[in-house]
Amino acid sequence: MESDGLRRAYDGVFAEIDGATFGPAPQGQLSAEQIVAHLVANDELMIQATEALLAGSTFAYYDLDDMHRPQLDALVAEQGGLRGLTALLHGTSERLCVLVGQLGLEAETPVATCLREGLDLDVDGPLPWARTLDLHTRVHLPKHQTQLRELRTNP
């Protein structure tokens, strides 16, 4: 499976983060730090599912619904803020892209997927892992890239 599109999607996210300053999030929305923490946590979950498939598992799961603001805030504090989170995201995204590049037929393995991101994305059921990765590339990452862009205080 190719990971070029996934890498480009991450490059778009990093283009919004690198050198940027961010203002506060509107009431009820994630801050820039929380968005990046969310992406790091998401990468870790996707890495686990991808590693399971590469190890020959016939069943894997991916449940982003278990990540809530207190966990995101703890990750922000643990990494010392946006700079530490961004460095971590560079590492997790690269690791995920490498693993995705190793997927062959395993990419078609159904994975129990729970992914809810507002009204844009609501999945709760088995999907071929390639489809979940495609949703991450074409919907999930661009959505958070846009959120980061809207929080920027410098053009």
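Further up the page is the structure itself.
Just so it is clear, the structure is predicted and the values come from calculations on it, not from any experiment. (Residues numbered from 1 in each chain as written. Predicted model: local features only at pLDDT ≥ 70, side-chain atom pairs only at ≥ 80, totals over all residues. Heavy atoms only, no water.)

Draft legend 1. Representation of the side chain of T137 within the structure. If you trace the backbone, T137 turns up in helix α5 (residues 129–151). Judged by relative accessible area, which is 16%, T137 ranks as buried. Excluding residues that lie within four positions of it along the chain, T137 makes contacts with G5, L6, A9 and P142. (Helix = DSSP H or I, 4+ residues; strand = E, 2+ residues; numbered from the N terminus. Buried < 20%, exposed > 50% of the residue type's maximum accessible area, 1.4 Å probe, protein only. Contact = heavy atoms within 4.5 Å.)

Draft legend 2. Local environment of the environment of T113. Of note, T113 is situated in strand β2 (residues 110–117). A relative accessible area of 2% places T113 in the buried class. Through-space distance from the C-alpha of T113 to that of P126 is 5.6 Å; in sequence the pair is 13 residues apart. Ignoring any residue separated from it by four or fewer positions in sequence, one finds T113 in contact with Y62, V123, D124, G125, P126, L127 and T132.

Draft legend 3. Quick peek at the pairing of β2. Of the strand pairs in this sheet, strand β1 (residues 60–63) and β2 are connected by four bridges, and their pairing is parallel. Residue pairing across strands places Y61 opposite A112, the latter belonging to β2. For β2 and strand β3 (residues 121–128), the ladder comprises eight bridges, and the chain directions are antiparallel. Pairing of E117 across the sheet is with L121, part of β3. (Pairing = 2+ DSSP bridges.)

Draft legend 4. Summary view of the nonpolar core. The biggest cluster of nonpolar side chains holds 46 residues, and the ones touching the most others in it are Y10, L89, W129 and L148. Residue assignment for this core shows that the elements contributing at least two residues are α1 (4–17), α2 (32–54), β1, α3 (69–79), α4 (82–102), β2, β3 and α5. It is α2 that contributes the most residues to this core, 10 residues altogether. When sequence neighbours within four positions are dropped, the list of residues in contact with L89 reads Y10, V13, F14, I17, V36, L39, V40 and D43. (Core = buried A, V, L, I, M, F, W, Y, C linked by side-chain atoms within 4.5 Å.)

Draft legend 5. Representation of α1 within the structure. Over its 14 residues, α1 extends 20 Å from the first C-alpha to the last, a length consistent with the 20 Å expected when each residue adds 1.5 Å. Looking at α1, one finds that the buried residues are L6, A9, Y10, G12, V13, F14, E16 and I17. For α1, the secondary structure elements touched by its buried residues are α2, α4 and α5. A positive backbone phi angle near 75 degrees is found at G19, which sits one or two residues after α1. (Expected span 1.5 Å × (residues − 1).)

Draft legend 6. A look at the environment of A37. As for its placement among the helices and strands, A37 is situated in helix α2. The spatial distance from the C-alpha of A37 to the C-alpha of D122 is 20 Å, given a sequence separation of 85 residues. When neighbours within four sequence positions are excluded, A37 is seen to be in contact with L72, L75, V76 and L85.

Draft legend 7. Highlighting the pattern of salt bridges. Counted under the stated rule, the structure contains six salt bridges. E16 is the partner of R152 in a salt bridge, and the nearest nitrogen-oxygen pair spans 3.7 Å. Here R152 is found in the segment after α5, whereas its partner E16 is found in helix α1, with 136 residues between them in sequence. Here D134 makes a salt bridge to R131, at a shortest N to O gap of 2.9 Å. (Salt bridge = Lys/Arg side-chain N within 4 Å of Asp/Glu carboxyl O.)

Draft legend 8. Seen up close, the sheet that holds β2. With respect to topology, three strands assemble into an open sheet ordered β1-β2-β3, the strand pairing being mixed. Since the sheet does not close on itself, it has two edges, and those belong to β1 and β3, each with one partner. The sheet shows a mean angle of 5 degrees between the axes of neighbouring strands, taken without regard to direction. Across the face of the sheet, α2 comes into contact with β1 and β2 while running at roughly 170 degrees to β1. (Axes fitted to C-alpha atoms, helices over the stretch in contact; angles between N-to-C directions.)

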